Amino acid sequence: MCELLGMSANVPTDICFSFTGFLHRGGGTGPHRDGWGIAFYEAGGYRDFRDPHPSIRSPIARLITDYPIKSHIVISHIRQANVGQVRLANTHPFTREMWGRTWCYAHNGQLEAWQELPLSFYRPVGDTDSEHAFCWLLASLREGFAEAPRLATNDTLLSEEHQALWQRLHGLCETLRGKGVFNLLLADGEFLYTYCSTKLAHITRRAPFGSAELSDAELTVNFAEHTTPDDIVSVIATEPLTSNEAWVRMVPGELLVWRHGRIVARYVTETITERE
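What this report covers is the structure whose coordinates are included nearby.

Cut-offs applied
Residues numbered from 1 in each chain as written. Predicted model: local features only at pLDDT ≥ 70, side-chain atom pairs only at ≥ 80, totals over all residues. Heavy atoms only, no water. Core = buried A, V, L, I, M, F, W, Y, C linked by side-chain atoms within 4.5 Å. Buried < 20%, exposed > 50% of the residue type's maximum accessible area, 1.4 Å probe, protein only. Helix = DSSP H or I, 4+ residues; strand = E, 2+ residues; numbered from the N terminus. Expected span 1.5 Å × (residues − 1). Arc of directions from axis to C-beta. Contact = heavy atoms within 4.5 Å. 1 Å grid on protein atoms, 1.4 Å probe; cavity = no way out; pocket = protein on both sides within 12 Å on 5 of 7 lines; lining within 4 Å. Points joined across faces, edges and corners; volume = space filled by probe spheres on them. Nonpolar A, V, L, I, M, F, W, Y, C, P; charged D, E, K, R; others polar. Phe/Tyr/Trp six-rings, centres within 6.5 Å; stacked < 30°, edge-to-face > 60°. Lys NZ or Arg CZ within 6 Å of the ring centre and 35° of its normal. Pairing = 2+ DSSP bridges. Axes fitted to C-alpha atoms, helices over the stretch in contact; angles between N-to-C directions. Patch = residues over 30% accessible without salt bridge, like charges linked within 9 Å, V, L, I, M, F, W, Y side chains within 5 Å. Areas by Shrake-Rupley, 256 points an atom, 1.4 Å probe, with all protein chains shown as cover. Salt bridge = Lys/Arg side-chain N within 4 Å of Asp/Glu carboxyl O. Polar contact = N/O pair within 3.5 Å; in protein donor to acceptor, adjacent residues only side chain to side chain.

## Focus: the nonpolar core
Right, on to step 1. Judged by nonpolar contacts, the single largest core of 36 residues is most densely connected at Trp-103, Leu-137, Trp-166, Phe-182, Leu-186 and Tyr-193.
Right, on to step 2. Secondary-structure elements contributing two or more residues to this core are strand S5 (94-98), strand S6 (101-108), helix H3 (129-144), helix H4 (160-177), strand S7 (183-187), strand S8 (192-196), strand S14 (254-259) and strand S15 (262-268).
Right, on to step 3. Ranked by residue count, the leading element in this core is H3, at 8 residues.

## What about H4?
Right, on to step 1. Compared with the 26 Å implied by 1.5 Å per residue over 18 residues, the 26 Å span of H4 between its first and last C-alpha is a close match.
Right, on to step 2. Where H4 is concerned, the buried positions are His-162, Leu-165, Trp-166, Leu-169, His-170, Leu-172, Cys-173 and Leu-176. Viewed along the axis of H4, the buried residues span an arc of 165 degrees, placing them on a single side of the element.
Right, on to step 3. The elements touched by buried residues of H4 are H3, S7, S8, S14 and S15.

## Here we look at empty space enclosed by the protein
Right, on to step 1. Under the definition given, this model contains 3 cavities of 30 Å³ or more.
Right, on to step 2. Considered as a void within the structure, the second largest cavity measures approximately 40 Å³ in volume.
Right, on to step 3. Surrounding the second largest cavity, Trp-99, Arg-101, Trp-103, Ala-148, Pro-149, His-162, Leu-165, Trp-166, Asp-188, Phe-191 and Tyr-193 form its lining.
Right, on to step 4. Of all the secondary structure elements, the ones that give two or more residues to the lining of the second largest cavity are S6 and H4.
Right, on to step 5. It is H4 that contributes the most residues to the lining of the second largest cavity, 3 residues altogether.
Right, on to step 6. Taken together, the residues of the lining of the second largest cavity sort by class into 8 nonpolar, 1 polar and 2 charged.

## Some thoughts on unusual backbone geometry
Right, on to step 1. Pro-93 follows His-92 through a cis peptide bond whose omega is -5 degrees.
Right, on to step 2. With respect to the helices and strands, Pro-93 occurs in the loop between strand S4 (71-78) and S5.
Right, on to step 3. For the bond running from Ala-207 to Pro-208, omega is -5 degrees, close enough to zero to count as cis.
Right, on to step 4. Within the secondary structure, Pro-208 sits in the loop between strand S9 (201-206) and strand S10 (211-213).
Right, on to step 5. Notably, Trp-99 is not glycine yet its phi reads approximately 60 degrees, a positive angle.
Right, on to step 6. Among the secondary structure elements, Trp-99 is positioned in the loop between S5 and S6.

## Side note on the packing of aromatic side chains
Right, on to step 1. Across all of its chains, the model carries 10 aromatic pairs by this definition.
Right, on to step 2. Consider the rings of Trp-99 and Trp-103, whose centres lie 5.9 Å apart with planes at 75 degrees: the pair is edge-to-face.
Right, on to step 3. In this structure an aromatic cluster arises from ring pairing among Trp-99, Trp-103, Trp-166, Phe-191 and Tyr-193.
Right, on to step 4. Stacked on the ring of Phe-121, the Lys or Arg Arg-142 has its end atom at 3.6 Å from the ring centre.

## Some words on the sheet that holds strand S1 (residues 3-13)
Right, on to step 1. Spatially, the 7 strands line up as an open sheet ordered S3-S2-S4-S1-S12-S9-S13, and their pairing is antiparallel. Edge positions in the sheet fall to strand S3 (45-51) and strand S13 (248-249), since each of these pairs with one other strand and no more.
Right, on to step 2. Judged from the 2 bridges that link them, S9 and S13 form a sheet pairing that is antiparallel. Bridge pairing in S13 places His-202 opposite Val-248.
Right, on to step 3. Contacts between helix H2 (residues 59-66) and the sheet are confined to strand S2 (36-42) and S3, with S2 contributing the most and set at about 35 degrees to the helix.

## Thoughts on a nonpolar patch on the surface
Right, on to step 1. A cluster of nonpolar side chains, contributed by Ile-60, Leu-63 and Tyr-67, occupies part of the molecular surface with about 240 Å² of accessible area.
Right, on to step 2. Counting through the fold element by element, Ile-60 comes out in helix H2.

## Description of the side chain of Arg-259
Right, on to step 1. In this structure, Arg-259 sits in strand S14.
Right, on to step 2. Of the polar contacts made by the side chain of Arg-259, one reaches the side chain of Glu-190; its length is 2.5 Å.

## Let's talk about the pattern of salt bridges
Right, on to step 1. Applying the stated rule across the entire model yields 10 salt bridges.
Right, on to step 2. The shortest N-O distance in the salt bridge between Glu-131 and Arg-96 comes to 2.8 Å. Of this pair, Glu-131 sits in helix H3 while Arg-96 sits in strand S5, and the two are 35 residues apart along the sequence.
Right, on to step 3. Judged by its relative accessible area of 1%, Glu-131 is buried.
Right, on to step 4. Note on Arg-96: relative accessible area 15%, which makes it buried.
Right, on to step 5. The shortest N-O distance in the salt bridge between Arg-101 and Asp-188 comes to 2.8 Å. With Arg-101 in strand S6 and Asp-188 in the loop between S7 and S8, the pair connects residues that are 87 residues apart, well separated along the chain.
Right, on to step 6. Under the relative-accessibility criterion, Arg-101 is labelled partly exposed at 24%.

See below:
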């Protein structure tokens with residue numbers, strides 16, 4: 001299956017270290033040879049890079065490791081094709097506009113009877129179960145909400161509107177999990193959503209920062225040399241990327257809502273918990 005990589009941070013941060021280990025799994029230390037992609041939200045904008053070739057041999061991937069794009073939210077994906085041809089149109093992450101925002105999506109897993117999911121406002125460009133599910137999921141959110149919930153002036157995130165939207169998203173993810181394996185990264189530029197069907201793990205780095213060693217490449221970084229005491233950076237991946245840090249594994253059916261490197265909401269079987 002495919003693998004996922006995500007990041008949420010409270011300051012613009014580059015993902016070069018994590019991405020270096022991640023890209024080695026695309027045809028190097030892993031079998032994911034069927035394309036890769038990465039998306040960045042930065043300064044109110046969005047940009048992505050996608051390539052249907054293995055990331056380990058991709059000049060574009062090497063560019064990303066040498067080009068420290070700083071972002072609050074990052075989503076990346078390396079593909080092992082199950083449904084759909086190996087081509088650019090089937091390469092994650094996929095994007096659509098909703099409520100004046102760019103929504104970015106990547107999926108790890110394989111779904112059954114996915115063609116039965118009814119499509120309305122959004123239509124796929126490629127021929128994968130992943131993109132079809134994305135179109136269905138986003139349209140289902142759009143049908144239930146006329147616009148995105150607004151952030152309160154006091155930055156209180158868990159308004160009734162946010163809770164309703166996130167609970168709806170969790171229910172849609174549960175529906176897709178009922179059709180097979182559905183591990184998800186989803187973002188709208190303000191929040192990063194991570195949903196676990198089988199495998200996702202995360203780690204939050206904050207002061208005092210230490211050193212980390214990649215599992216898939218001979219590279220160590222001392223984060224204390226590149227951060228300030230106020231920085232909070234969380235990384236999410238299908239499998240832990242470092243060998244000397246304690247990653248937290250998500251449980252099946254768990255949806256986490258991230259903002260500025262922190263978990264602001266957690267849903268498991270219709271239960272919500274607020275965290276600092």
